[in-house]
Structures are given as structure tokens and as C-alpha cells.
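Architecture and fold: a report
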Amino acid sequence: MSVNKKGLRSQKEKDLLINARKPIGELGMQLLERMNTNHKSVSLWGISHLKIEKNDVILDIGCGGGANVERFNKMTDNKVFGLDYSELAVEKSTKLNQAAIDEGRCEIIQESVSELPFEDNVFDIVTGFETVYFWPDFVNDAKEVRRVLKDDGIMLICNEAVPKENDERQKELIDLLQMELYSEDQFEQYLREAGFSDVICFSKEGPDSLDKELVTGWLYVIARK
Ligand SMILES: C[S@@+](CC[C@H](N)C(=O)[O-])C[C@H]1O[C@@H](n2cnc3c(N)ncnc32)[C@H](O)[C@@H]1O
């Protein structure tokens, strides 16, 4: 996989990007707007690996600005839930999906992945786009996801970062955001530890959503309960 030669980020870029972990304030709102637009390609790529039925109940964890909740609302007649621990993300997702919320087809909830406010066996599909890097304890959080999935339910993880050696720009981002990047092997191991079966991981090169001059790693994981 190629390593980008571009230099490190300016302080201005870092001040914006720090909000990827938990958007707050003016810059947090700016980043949520940008993520809704710029994450479209990688999100659609991830979603294309799901078989979504009209009656599926879907939860999107770390929903950010709510663009994927909006997409799922168009793909299923059943209720779609978005969840994020950032108050600002919940505000933005709510605004974007207000019509569906008013029709009782959508709910946006402020909570952490570690304590999902749902009964066992509720969802057909649970998704996480660009968010698992920030989950506090991946194996336990994946167990929590598994708990709320129906038997045979599917978890989709979609990232645009895979661990690369000798990539200073990536190291800068990891340090800035205190994020964990997992390899395909780690996902497979951790998801099996969390009790999932049929874990499929796939990665390829793709354009970086924030800087199209750069190449990054796109990765999706599908795990069945
Ligand atoms: C990089 S953004 C991605 C947002 C959106 N999924 C997208 O692809 O555009 C990461 C999101 O995950 C949320 N997040 C991080 N850790 C979380 C946790 N422990 N529980 C719930 N949400 C979390 C953040 O607040 C943020 O909105």
C-alpha cells in the first residue's frame, strides 16, 4: 500500500480535525458538515456490501452528521436509529432527519456505544462508519453491539484508515485524535472474541475524504451474530 509523501498538517487543520473524536462548538459543526459530504463515497462503498431488506431495523453508531441515517431511511420502511455520544452530532443528525423523525420512522439518541439503551435482539443491522477508532474498549463494545443484534443480525464497520508503517501523516493523526487503527487480522480476532461468527474483512486503496490528493486505505468488516 502506498505511503503519502505530503507534509504534516497545519495547526488550523488540526484544530478542525480534533473534532472527529467528539465534535463540539463551531469547528465541530463545520467538520460534521464536511463529513456528511466527504464520507459519501466510502460510506456508499461500505453500504453496497449489505443486503438491506425493507423491514430491516437499523442502528448507526457514531452517526456524526446523520448522512448515513438519512441514507438508511430511504432504503428501509422500518425505523432507523442514529446514536452518538456528541450532543452536537445528535443536534445535526436530528436536523437532517427531522422529517423522518416527525413521521416516527427515525430516532436520534445521545449515548455511548458502551451502554446501548436498547433491549437484547432488536436490530437486523448495526453499522459504524469511521467511528470504531474512538470506541473505548473495542471487544466489550462489540459485545454490546452483538447483544442488541437479532440472531443472525449483521454488524458493518467501514473505515477509511488501515494501519500503515512509516506513514508520518497517519502517525500525526493517531496522536492528535488518540485513535486506534485495527488491521484486518485484529478485527477478525477481536470480533470473534466478542462472539461474532462469519467475520469478513476487505481493504483496498481509496481517495482520502478530506484531501483528494492523498491515498488512504478503505476497509469494511461484516460480522454475523
Ligand atoms: C469521524 S466521525 C464519523 C461520523 C459519521 N459516522 C461519518 O462517517 O461521517 C466519528 C463519530 O463517532 C462518534 N463517537 C466516537 N466515540 C463514540 C462512542 N464511544 N459512542 C458513540 N459515538 C462515538 C463521534 O462523536 C463522531 O460523531
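Residues numbered from 1 in each chain as written. Predicted model: local features only at pLDDT ≥ 70, side-chain atom pairs only at ≥ 80, totals over all residues.

**Observations concerning the sheet that holds strand β3 (residues 106–110)**
This is how the line gets drawn: At least two bridges found by DSSP between two strands is the condition for calling them paired. In DSSP terms, a helix is any run of H or I states spanning at least four residues, a strand is any run of E spanning at least two, and both are numbered starting from the N terminus. Think of each axis as a best-fit line through the C-alpha atoms, taken over the contacting stretch in the case of a helix, with angles from 0 to 180 degrees between the N-to-C directions.
Here we have 7 strands laid out as an open sheet, ordered β3-β2-β1-β4-β5-β7-β6, and mixed in their pairing. Two strands bound the open sheet, and with one partner strand each, they are β3 and β6 (197–207). Within this sheet the neighbouring strands show an average axis-to-axis angle of 15°, counted without direction. Of the strand pairs in this sheet, strand β2 (residues 80–84) and β3 are connected by 5 bridges, and their pairing is parallel.

**Digging into the packing of helix α7 (residues 138–148) against helix α9 (residues 184–193)**
Cut-off, in case you're wondering: Our angle categories are set so that under 35 degrees counts as roughly parallel, over 145 as roughly antiparallel, 65 to 115 as roughly perpendicular, and the remainder as oblique. Here is the rule for handedness: rotate from the far helix to the near one, and if that takes an anticlockwise turn smaller than a right angle the crossing is left-handed, while a clockwise turn gives right-handed. For every residue pair, C-beta atoms are placed from the backbone, and the pair is scored as a contact if these atoms sit within 7 Å. Throughout this entry, Asp, Glu, Lys and Arg are counted as charged residues, while Ala, Val, Leu, Ile, Met, Phe, Trp, Tyr, Cys and Pro are counted as nonpolar. The remaining residues, Gly among them, count as polar.
In the contact formed by α7 and α9, the axes pass within 8 Å of each other and the chain directions differ by 55°. What the angle tells us is that α7 and α9 run oblique. Crossing handedness for the pair α7 and α9: right-handed. Contact residues: Phe 138, Val 139 and Ala 142 in α7; Tyr 190, Leu 191 and Glu 193 in α9. Split into classes, the residues belonging to the contact of α7 with α9 amount to 5 nonpolar, no polar and 1 charged.

**A short note on the site of the ligand**
Stated precisely, the cut-off is as follows: To decide whether a residue is near a molecule or strand, its C-beta atom is placed from the backbone and checked for lying within 6 Å of it.
Close to the ligand lie 23 residues; Met 35, Gly 62, Gly 64, Ser 86 and Phe 129 are nearest. Residues of the shell around the ligand, tallied by class, amount to 12 nonpolar, 8 polar and 3 charged.

**A short note on the nonpolar core**
Operational definition: A set of buried residues drawn from Ala, Val, Leu, Ile, Met, Phe, Trp, Tyr and Cys, joined through C-beta atoms within 7 Å, is what defines a nonpolar core. Residues with at least 20 neighbouring C-beta atoms inside 10 Å of their own are called buried, those with 12 or fewer are called exposed, and the rest are partly exposed, where every C-beta is derived from the backbone.
Counting residues in hydrophobic clusters, the biggest one holds 49 residues, and the most contacted among them are Leu 59, Phe 123, Val 126, Val 148, Met 155, Ile 157 and Val 221. Of all the elements, strand β7 (residues 215–224) adds the most residues to this core, at 6 residues. Once residues lying within four places of it in the same chain are set aside, the contact partners of Val 221 are Ile 157, Phe 187, Val 199, Ile 200 and Cys 201.

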